[in-house]
Amino acid sequence: MVVNLDMYQTLGLATLVLLLGIWMKKKLKLLDRFCVPAPVAGGLFYAILMYALYANHIIEFNYDETLKNVCMVIFFTSVGFQANLKILKKGGVSLIIFLVLVIMLVISQNALAIALAKVIGVDSMVGLSTGSIPMVGGHGTAGAFGPIFEDFGFKGATTLCTAAATYGLVVGSLMGGPVGQRLIKKHSLQETEEQEDVTPLLEEEKKHEHHARNYASAAYQIAIAMGAGTVISYLLSLTKMTFPVYIGAMIVAAIMRNVGEYSKKLHIHIGEINSIGGICLSLFLGIAMITLKLWQLADLALPLVLLLLGQTLLMFIYSYFIVFNLMGRDYDAAVLSAGVCGFGMGATPNAMANMQVITEKYRPSVKAYILVPIVGSMFADFINSLVITMFINFI
């Protein structure tokens, strides 16, 4: 039996799955340990249940994903508002170097994914589905680009991207602590070192405060960016290149943020925008997870394992040798290396959890605790979307 759900029923079911995930995280500490998002936890349980019902020819659901796309655009618009060039300028050499390292990581993940795909004889889009889309991008970007690949005829792309993102969350969390600790012990970095001045970066955090009276204004700013962004997206479409639907809104949001920063005539409510974006991300992931069809992955099981093992090896080499050496070969660099494992294969919360394990055992690292959230929240998703778009059009 096939049951069709409209967009309201789909949203309601996704919300129930989200609440299930919240309950599961309270009961299963392992989920909290690996910073698995609540909609992913509940969604995987739901997807497995749906697979069992489908395999036994009992029932299959079809969903109206209209509101998923709306929530996705709202979330990525909120990401665009994080792109503050002023703080990038104030952040000093360390912030610039770290941002460049993240850009190179994104490029490396996609280049490796395509190269491995050719070696094992699968389509380049299968490879790209295990690159920076699920790794640096996490479940949010996976849910956004999966449907784009499906429009190109790659059946099951969203499911594959989501599976890879879940793998990244777990492995990135497992890898980070040991990498950081090994670097500290090997180079005897336990001793106290002079800390770099990160006052300009700390000032940025003050802008993320939340006030109930500002939520309406924040919602209006998001709506304006989304509306104006459709014009940018249309102009980009004239190039005959493929761009995600939200790219125009992200660009407009970034422009609005920096006009406000430099002119002082437009106040952007960053804290409230982050909250709205976070709510929409949870709903977006909830809808994306309930629409997973795990049976579409059966033929890609072995290639998926090989591709993900390649990404794991890349992440270890990149964090252990490249990030540590270029960020100064000191204690802060070791903590940053642990953090990069987290958001390079999962999400910023995983990076923070990795760094917390290290700093609780040794000592704080103000530099690492500021650089990772700023680059992870302000620039990583923005840059990742642009680089992914470049690779999609290349292949």
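Relevant structure appears above.
Conventions we followed
Residues numbered from 1 in each chain as written. Predicted model: local features only at pLDDT ≥ 70, side-chain atom pairs only at ≥ 80, totals over all residues. Heavy atoms only, no water. Helix = DSSP H or I, 4+ residues; strand = E, 2+ residues; numbered from the N terminus. Buried < 20%, exposed > 50% of the residue type's maximum accessible area, 1.4 Å probe, protein only. Core = buried A, V, L, I, M, F, W, Y, C linked by side-chain atoms within 4.5 Å. Contact = heavy atoms within 4.5 Å. Polar contact = N/O pair within 3.5 Å; in protein donor to acceptor, adjacent residues only side chain to side chain. Expected span 1.5 Å × (residues − 1). Axes fitted to C-alpha atoms, helices over the stretch in contact; angles between N-to-C directions. Parallel < 35°, antiparallel > 145°, perpendicular 65-115°, else oblique. Left-handed = near helix turned anticlockwise from the far one by under 90°. Nonpolar A, V, L, I, M, F, W, Y, C, P; charged D, E, K, R; others polar.

*Asks:* Looking at this structure, how should I read unusual backbone geometry?
*Replies:* Of all residues except glycine, most have a negative phi; of all peptide bonds, most are trans. Of note, the phi angle at Lys 240 is positive, near 70°, even though the residue is not glycine. Within the secondary structure, Lys 240 is located in the loop between α11 (215-237) and α12 (247-263). Look at Arg 329: it is not a glycine, yet its phi comes out positive at around 55°. Here Arg 329 lies in the loop between α14 (301-326) and α15 (331-345). The exposure class of Arg 329 is partly exposed, given its relative accessible area of 43%.

*Asks:* What's the story with the nonpolar core in this structure? I'm lost.
*Replies:* It is characteristic of soluble globular proteins that their nonpolar side chains tend to be buried jointly. With 101 residues, the main nonpolar core has Phe 81, Phe 98 and Phe 149 as its most contacted residues. It is helix α17 (residues 366-394) that provides the largest number of residues to this core, a total of 15 residues. Discounting residues that sit within four places of it in the chain, Phe 81 has contacts with Gln 221, Ile 222, Ala 225, Ala 253, Met 256, Arg 257, Ile 268, Ile 270 and Ile 273. Membership of the second largest hydrophobic core comes to 9 residues, among which are Met 24, Leu 31, Val 36 and Ala 47.

*Asks:* Quick question: what am I supposed to make of the side chain of Thr 130 here?
*Replies:* In this structure, Thr 130 sits in the loop between α7 (124-128) and α8 (138-151). A polar atom in the side chain of Thr 130 sits 2.7 Å from the backbone oxygen of Gly 127. Once residues lying within four places of it in the same chain are set aside, the contact partners of Thr 130 are Ala 113, Met 135, Ala 164, Leu 304, Leu 307, Leu 308 and Gln 311.

*Asks:* Can you walk me through helix α16 (residues 348-361) in this structure?
*Replies:* Residues spaced three or four apart along an α-helix face the same direction, because each turn holds 3.6 residues. Its 14 residues place the ends of α16 20 Å apart at the C-alpha level, agreeing with the 20 Å of an ideal helix rising 1.5 Å per residue. Turning to α16, its buried residues number three or more, namely Asn 350, Ala 351, Ala 353, Asn 354, Met 355, Ile 358 and Thr 359. Residues of α16 that are buried in the fold lie against α9 (157-186), α15 and α17.

*Asks:* Teacher, can you tell me more about the packing of helix α6 (residues 92-120) against α14 here?
*Replies:* For any two helices packed against each other, the geometry is given by the interaxial angle and the distance between the axes. Between α6 and α14, the shortest axis-to-axis distance is 10 Å and the interhelical angle comes to 150°. With respect to α14, the axis of α6 lies roughly antiparallel. Considering only the axes of α6 and α14, their crossing is right-handed. Packed against α6, whose contacting residues are Ile 97, Leu 101, Met 104, Leu 105, Ser 108, Gln 109, Leu 112, Ala 113, Leu 116, Ala 117 and Ile 120, the element α14 presents Pro 303, Leu 306, Leu 307, Gly 310, Gln 311, Leu 314, Met 315, Tyr 318, Ile 322, Val 323 and Leu 326 at the interface. Partitioning the contact of α6 with α14 into residue classes produces 18 nonpolar, 4 polar and no charged.

*Asks:* Can you walk me through α12 in this structure?
*Replies:* Here α12 is 17 residues long and its end C-alpha atoms lie 24 Å apart, about the 24 Å a rise of 1.5 Å per residue gives. Judged by how many residues are buried, α12 sits mostly within the fold: 12 of 17 residues are covered. Among all positions of α12, only Ile 247, Gly 248, Ala 249, Met 250, Val 252, Ala 253, Ala 254, Met 256, Arg 257, Asn 258, Gly 260 and Glu 261 are buried. Within two residues after α12, Lys 264 carries a phi angle of roughly 65°, on the positive side.

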